[in-house]
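Coordinate analysis (summary)
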Amino acid sequence: MLATMTAYGQRGLHIDELFQGRIIPQERMVETRVRGKLLAKYQLSYFRSLRFEATHAEIRRITELLGKDCGKNYQRVVNKKTLTIMLQLEPRDGHNRFLCFKSGRADKGTQVTVIYMEGTLSSLDKMNEILK
């Protein structure tokens, strides 16, 4: 059952390789999963995030996978300290799906957060409002 939950939201995406621990070992990541009523007010039914420090090579691999998953609807914001990429993915099983990648400098490397969300939320603009 745990293996089924692990593959739940990201199945069929290239970035699933990250969520399965094949790029960054699980012990280097802080993972958060939320499902149910707590998310309803955000029009979401599933939220999963990973936070970790990454090397330049690991970040290159992750952004390569994001590029493969990227459709027509995405936003990229770059400033002096951070890079943020937000994707609206193809709907699956009646749910809209979103992926957010954020990286910024940390003491020992680059701090990265990757968030996968799904639900009835309708657009990247609304997702951006939630993440603020």
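As a reminder, the structure under discussion sits directly above these lines.
My aim in this report is to walk through the structure given alongside it, one point at a time.

Check the secondary structure of the protein and you find five helices and six strands. Reading the protein from its N end, one meets helices and strands in the order α-α-β-α-β-α-β-β-β-β-α. Rg of the C-alpha trace for the protein: 14 Å, near the compact-globule value of 14 Å for 132 residues, within the 12% margin. Dimensions along the principal axes, computed over C-alpha positions, put the protein at roughly 40 × 35 × 25 Å. Residues classed as buried in the protein amount to 39% of the 132 residues present. Within the protein, residue pairs in contact and separated by at least 24 positions form 52% of the contacts whose partners lie at least 6 positions apart. When the accessible area of the protein is evaluated, it comes to approximately 8,000 Å², of which 52% is carbon and sulfur surface. Each charge sign in the protein was given a centre, from 23 positive and 14 negative side chains, and these centres are 4 Å apart.

Attention now moves to the side chain of Arg97. Within the element layout of this structure, Arg97 appears in strand β5 (residues 95–105). Buried charge Arg97 goes without a salt bridge, the closest partner of opposite sign being Glu118 at 5.5 Å. Separated by 2.8 Å, the side chain of Arg97 and the backbone oxygen of Glu90 make a polar contact.

For the rest of this paragraph, the subject is the sheet that holds strand β6 (residues 110–119). An order of β1-β2-β6-β5-β4-β3 is seen for the six strands of this open sheet, with the pairing classed as antiparallel. The open sheet terminates on both sides in strands that have one partner only, identified here as β1 (30–35) and β3 (74–78). The average angle at which neighbouring strand axes cross in this sheet is 10°, direction not considered. Contacts from helix α5 (residues 124–131) reach β3, β4 (82–92), β5 and β6, with the element oriented near 130° to β4.

Here is what the cut-offs are and how they apply
Residues numbered from 1 in each chain as written. Predicted model: local features only at pLDDT ≥ 70, side-chain atom pairs only at ≥ 80, totals over all residues. Heavy atoms only, no water. Helix = DSSP H or I, 4+ residues; strand = E, 2+ residues; numbered from the N terminus. Rg over C-alpha atoms; globule rule 2.2 N^0.38 Å. Buried < 20%, exposed > 50% of the residue type's maximum accessible area, 1.4 Å probe, protein only. Contact = heavy atoms within 4.5 Å. Areas by Shrake-Rupley, 256 points an atom, 1.4 Å probe, with all protein chains shown as cover. Lys, Arg positive; Asp, Glu negative; His and termini not counted. Charge placed at Lys NZ, Arg CZ, Asp CG, Glu CD. Salt bridge = Lys/Arg side-chain N within 4 Å of Asp/Glu carboxyl O. Polar contact = N/O pair within 3.5 Å; in protein donor to acceptor, adjacent residues only side chain to side chain. Pairing = 2+ DSSP bridges. Axes fitted to C-alpha atoms, helices over the stretch in contact; angles between N-to-C directions.

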